Amino acid sequence: MARIYGLRIILRDTQFQNASNMLNVNSKIKVALAMIVKGEDREADLLDRCLSGKIKDYAYPAQKEIDINNIDSLYDNVDGIFITLTQKNDKCEEVANKYGANISHYEWNNSFADARNFNFSQVPQEYDYILWVDADDIVRNAYLIRDMAEESAKEAIDLVVLNYLYGFDTDGNCDVKHLKTRLVKNDGCVDWVGELHEDFSPTRQIITHLNKEIEIVHLTDPKRIEVASLRNQVIAEEAVRS
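Summarised in this report is the structure supplied together with it. These numbers come from a predicted model, not from an experiment.

**Here's the deal with the pattern of salt bridges**
Tallying each qualifying case throughout the model produces eleven salt bridges. A salt bridge links K38 to E40; the shortest N-O distance between them is 3.2 Å. You can call K38 partly exposed: its relative accessible area is 34%. Here D158 makes a salt bridge to R204, at a shortest N to O gap of 2.9 Å.

Written out as structure tokens, the structure reads:
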């Protein structure tokens, strides 16, 4: 059985499966995809996979057992892409430009919250909602993103929580699952807080919704886990000293 962490207040739990049948096809609600990306060649490959929804290789054999049905292109299902690079890298910029992304640069200061707040600040007010993911994520049923945003606007929902399938056993079954806020109304209703394991802090009263149709799948590799562990240790030690 999967373990679920990070439960936030859920005020509504409905389905968007048939939202496209109820809403005007000519959508006026715009969704921006926001990402912070480390400037490395390997990250460029993951970014390409994330935006295209096409998996070209696997980090280890067990990943081949993970159900990747209904993995969709993020590029085709958002209205704008805003990528913040935390260090310069030509290959990352090449991939970002391939998908018409808006590129910004942020000098990494060991604070995920600072980097994500800067990233969110790059999204113009013309976008109604912001969706965020990481480069080593892929999205199941991404074709429902615009329906989710349309219904959220219709119901005055500020935040939408999605399942984050974070860990898998050797048979490809998810054994670690988180609930994470992924869609955010672009009106400053939340700020990112926390140098490590960052999360949202509301700036006003909010309405939160749980969507069960769209899922974020974490598809990383052992080397990335090792590097992240060392980085997180440095950030944690700095936080203790300060």
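**A word on the packing of aromatic side chains**
Tallied over the full model, the rule gives nine aromatic pairs. A centroid spacing of 5.4 Å and a plane angle of 65° characterise the contact between Y75 and Y99, whose relative ring orientation is edge-to-face. On the criterion of sequence distance, the pair formed by Y75 in the loop between α2 (41–52) and β3 (80–85) and Y99 in the loop between α3 (90–98) and β4 (102–105) is long-range, its members being 24 residues apart. Residue Y99 is classed as buried on the basis of its relative accessible area of 10%. Centre to centre, the rings of W192 and F200 are 4.0 Å apart; their planes meet at 40°, and the pair counts as tilted. Of the two residues, W192 and F200, both sit in the buried class.

**As for the pairing of β3**
The buried fraction of β3 amounts to six of the six residues, a majority that puts the element mostly inside the structure. Every second residue of β3 is oriented toward a common face, with G80, F82 and T84 on one face and I81, I83 and L85 on the other, all of them buried. As judged from the six bridges shared by strand β2 (residues 31–37) and β3, these two strands associate in the parallel manner. Bridge pairing links I36 to T84 in β3. On the question of chirality, the crossover connecting β2 to the parallel β3 by way of α2 is right-handed.

Cut-off values and rules
Residues numbered from 1 in each chain as written. Predicted model: local features only at pLDDT ≥ 70, side-chain atom pairs only at ≥ 80, totals over all residues. Heavy atoms only, no water. Salt bridge = Lys/Arg side-chain N within 4 Å of Asp/Glu carboxyl O. Buried < 20%, exposed > 50% of the residue type's maximum accessible area, 1.4 Å probe, protein only. Phe/Tyr/Trp six-rings, centres within 6.5 Å; stacked < 30°, edge-to-face > 60°. Helix = DSSP H or I, 4+ residues; strand = E, 2+ residues; numbered from the N terminus. Pairing = 2+ DSSP bridges. Right-handed = clockwise from strand over helix to strand, strands pointing away.

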